[in-house]
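# Examining the three-dimensional arrangement
Here's the letter readout for the chains.
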Amino acid sequence: MKKKIGVIFGGKSSEHEVSIESAKTVCAELEKAGFSALPFYAPRAGAWRLVKVKDLLSGRKLAGPEIEPSLGGGCFVKKGGGRLRPDALFPIIHGSTGEDGVLQGLLELIGLPYTGCGVTASAVGMDKIISKELAALDGIPVLPHVVIRAHQKAGMGALLKKAEKLGFPLFVKPVAQGSSVGVAKVKRAAELRPAVIRAFRFDTAVMIEKGIDRAREIVCGVLGSGGGAKASVTGEVVPKGRHEFFDYEAKYLDDNGMDFLLPAPLSAEISARLRALAVKIFLALGGSGMARVDFLVDPRNEKKIYFCEINTLPGFTSHSLYPRLWGKTGLKPEKVLRELVAIALRAAAGKRRLTTARK
Ligand SMILES: Nc1ncnc2c1ncn2[C@@H]1O[C@H](COP(=O)(O)OP(=O)(O)O)[C@@H](O)[C@H]1O
Ligand SMILES: [Mg+2]
């Protein structure tokens, strides 16, 4: 019997449409790998629906019977009766509520194996303060930064002064967003406060980070768990034209917003170092399954490298960075997916063996 994998996609974040595209690749490749894919569509509002793979792939309306998770039941219940019992779940909802541990918490309650990072690693990966602090504790280089939390907003003058001392340019970012939403490059003191106030529209904490002017952006895929976690080749993302950095427009709106150099034009030594760091960061944050780790590299000196962020549910569309990184490393998407499912099943079996008794 083919194993049934529930692919959960859509979601409430600004990356809803990207998630639908990712789900198309994931479902098609899971089927190629010998699984039976069950696409579970999470609309922006309302109940999840079980849709047909062929409707998803052909871009038809995402309709089908409503399904509800059964908490602790290891299954879903269809409206009008009937139980659906996948062997594992594959969440592919990017951004808030899908990538930050919220969805993973629900999957824990359902009690089915699921692919990718667990609750804590997802939440930590989404938080730019905690992920950088944890990485730094493990000796990974990060750029100095100042954090302003909501309760410090009224008297933020002193914190702004402290941030100015880091030197310009500075990058202002909401702590737990993504897709460069609310991110600003600030070149002079007068622009700092407005950028911080704007970033507070998206989050309750804001990070002001020392900037690297025209930084090179190197990405690396990680796949596996524990001692078996491995890194893909590195790639370089180059924002093009009028985009000074990789802003929202360059990422999603401008078809010519970026070039992707694969492999990244780095020396063998630096590329090996970044790959080792990517795995180290992934493990330091408690990651399992997959993640894409992003670095900033000084364009004047490739030895100056800094951890930028980790994405625990990277895009999986046919032109997304993560599958392309693995493709260049020699792993086709169906192999990556097979490995992710195997890790999920192993992790679930391992968890069942843990005792819940007090002695
Ligand atoms: N310290 C920095 N120096 C130079 N560029 C930066 C810095 N921080 C962020 N950037 C630029 O801003 C983009 C978005 O920042 P990032 O931390 O990756 O947040 P997001 O989660 O929104 O992608 C990066 O891809 C990069 O182009
Ligand atoms: Mg980023």
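So, here is what we can say about the structure in this document. (Residues numbered from 1 in each chain as written. Chains lettered and ligands numbered in written order. Predicted model: local features only at pLDDT ≥ 70, side-chain atom pairs only at ≥ 80, totals over all residues. Heavy atoms only, no water.)

Within the protein, the secondary structure is distributed over 11 helices and 16 strands. Counting across all 359 residues of the protein, residues that qualify as buried make up 52%. Accessible area of the protein: about 16,300 Å², with a carbon and sulfur share of 53%. Distance between charge centres in the protein, computed from 55 positive and 35 negative side chains, equals 5 Å. (Helix = DSSP H or I, 4+ residues; strand = E, 2+ residues; numbered from the N terminus. Buried < 20%, exposed > 50% of the residue type's maximum accessible area, 1.4 Å probe, protein only. Areas by Shrake-Rupley, 256 points an atom, 1.4 Å probe, with all protein chains shown as cover. Lys, Arg positive; Asp, Glu negative; His and termini not counted. Charge placed at Lys NZ, Arg CZ, Asp CG, Glu CD.)

What follows deals with the site of ligand 1. Neighbouring ligand 1 are 20 residues; Lys128, Lys173, Ser180, Glu217 and Glu309 lie closest to it. Within the side chain of Lys173, a nitrogen or oxygen atom sits 2.8 Å from an oxygen atom of ligand 1. Coverage of ligand 1 by the protein chains reaches 97% of its 540 Å² of free accessible surface. The site holding ligand 1 turns out to be the second largest pocket. When the residues that make up the shell around ligand 1 are grouped by side-chain class, the tally is 9 nonpolar, 4 polar and 7 charged. (Near = heavy atom within 4 Å. Polar contact = N/O pair within 3.5 Å; in protein donor to acceptor, adjacent residues only side chain to side chain. 1 Å grid on protein atoms, 1.4 Å probe; cavity = no way out; pocket = protein on both sides within 12 Å on 5 of 7 lines; lining within 4 Å. Sits in = over half its atoms within 2 Å of the grid points. Nonpolar A, V, L, I, M, F, W, Y, C, P; charged D, E, K, R; others polar.)

For the rest of this paragraph, the subject is the pattern of salt bridges. Where charged atoms of side chains with opposite charge meet at close range, the side chains can pair. Scanning the model with the defined rule gives 21 salt bridges in all. Residue Arg49 is joined to Glu66 by a salt bridge in which the shortest nitrogen-to-oxygen separation is 3.6 Å. Of this pair, Arg49 sits in strand S3 (residues 48-50) while Glu66 is found in strand S4 (residues 66-70), placing the two residues 17 residues apart along the sequence. Across the pair Glu244 and Lys185 runs a salt bridge, and its minimum N-O distance is 2.6 Å. Of this pair, Glu244 sits in the loop between strand S13 (230-239) and helix H8 (248-253) while Lys185 is found in strand S10 (residues 184-186), placing the two residues 59 residues apart along the sequence. Taken together, the salt bridges that share partners define one network made up of Lys185, Lys187, Asp213 and Glu244. (Salt bridge = Lys/Arg side-chain N within 4 Å of Asp/Glu carboxyl O.)

Time to look at the packing of helix H6 (residues 157-164) against helix H7 (residues 189-199). It is the contact of H6 with H7, at a shortest axis distance of 11 Å, that shows an interaxial angle of 125 degrees. Taken together, H6 and H7 sit at an angle that is classed as oblique. For H6 against H7, the interelement crossing comes out right-handed. Contacts between H6 and H7 involve Gly157, Leu160, Ala163 and Glu164 from the former and Ala189, Leu192, Arg193 and Val196 from the latter. (Axes fitted to C-alpha atoms, helices over the stretch in contact; angles between N-to-C directions. Parallel < 35°, antiparallel > 145°, perpendicular 65-115°, else oblique. Left-handed = near helix turned anticlockwise from the far one by under 90°. Contact = heavy atoms within 4.5 Å.)

Side chains Ala88 and Phe90 project from strand S7 (residues 88-91) onto one buried face, and the interleaved Leu89 and Pro91 project onto a second face that is buried too. Relative to S7, strand S1 (residues 4-10) runs parallel, the two sharing 4 bridges. Looking at the pairing, Gly6 lines up with Leu89 of S7. (Pairing = 2+ DSSP bridges.)

Take the sheet that holds strand S9 (residues 170-174) next. The 4 strands are arranged S8-S11-S9-S10 in an open sheet whose pairing can be described as antiparallel. Two strands close off the open sheet at either side, each with one partner strand: strand S8 (145-149) and S10. On average, each strand axis in the sheet is tilted by 20 degrees relative to the strand beside it, whichever way the strands run. When S9 meets S10, the two strands line up antiparallel, connected through 3 bridges. Considered in S10, the bridge of Val172 is made with Ala184. Against the sheet, H7 touches S8, S9, S10 and strand S11 (205-210), its axis set at about 20 degrees to S9.

Counting 30 residues, the largest nonpolar core has Phe9, Leu30, Phe90 and Ile92 as the members making the most contacts within it. Elements represented by at least two residues in this core include exactly S1, helix H1 (16-32), strand S2 (36-42), helix H2 (53-57), S7, helix H10 (321-329) and helix H11 (333-353). Sort the elements by how many residues they give to this core and H1 lands first, with 5 residues. The contact partners of Leu30, leaving out residues within four places of it in the chain, are Ile5, Val7, Phe35, Ala37, Leu337 and Val341. Judged by nonpolar contacts, the second largest core, of 27 residues, contains Ala264, Leu266, Leu277 and Phe307. (Core = buried A, V, L, I, M, F, W, Y, C linked by side-chain atoms within 4.5 Å.)

With that settled, the discussion passes to the layout of surface pockets. A volume near 920 Å³ is recorded for the largest pocket. Lining the largest pocket are 40 residues, and of these Val18, Lys251, Tyr252, Arg292 and Ser320 sit closest to its centre. Contributing elements (two or more residues each) for the lining of the largest pocket: H1, helix H4 (119-126), helix H5 (128-137), H8, strand S14 (258-261), strand S15 (289-297), strand S16 (305-311) and H10. Its boundaries defined by the atoms lining it, the second largest pocket holds a volume of some 560 Å³. The wall of the second largest pocket is formed by 36 residues, among which Glu217, Phe245, Phe246, Leu296 and Cys308 lie closest to the centre. Broken down by secondary-structure element, the contributors of at least two residues to the lining of the second largest pocket are S9, S11, strand S12 (216-224), S13, S15 and S16. (Points joined across faces, edges and corners; volume = space filled by probe spheres on them.)

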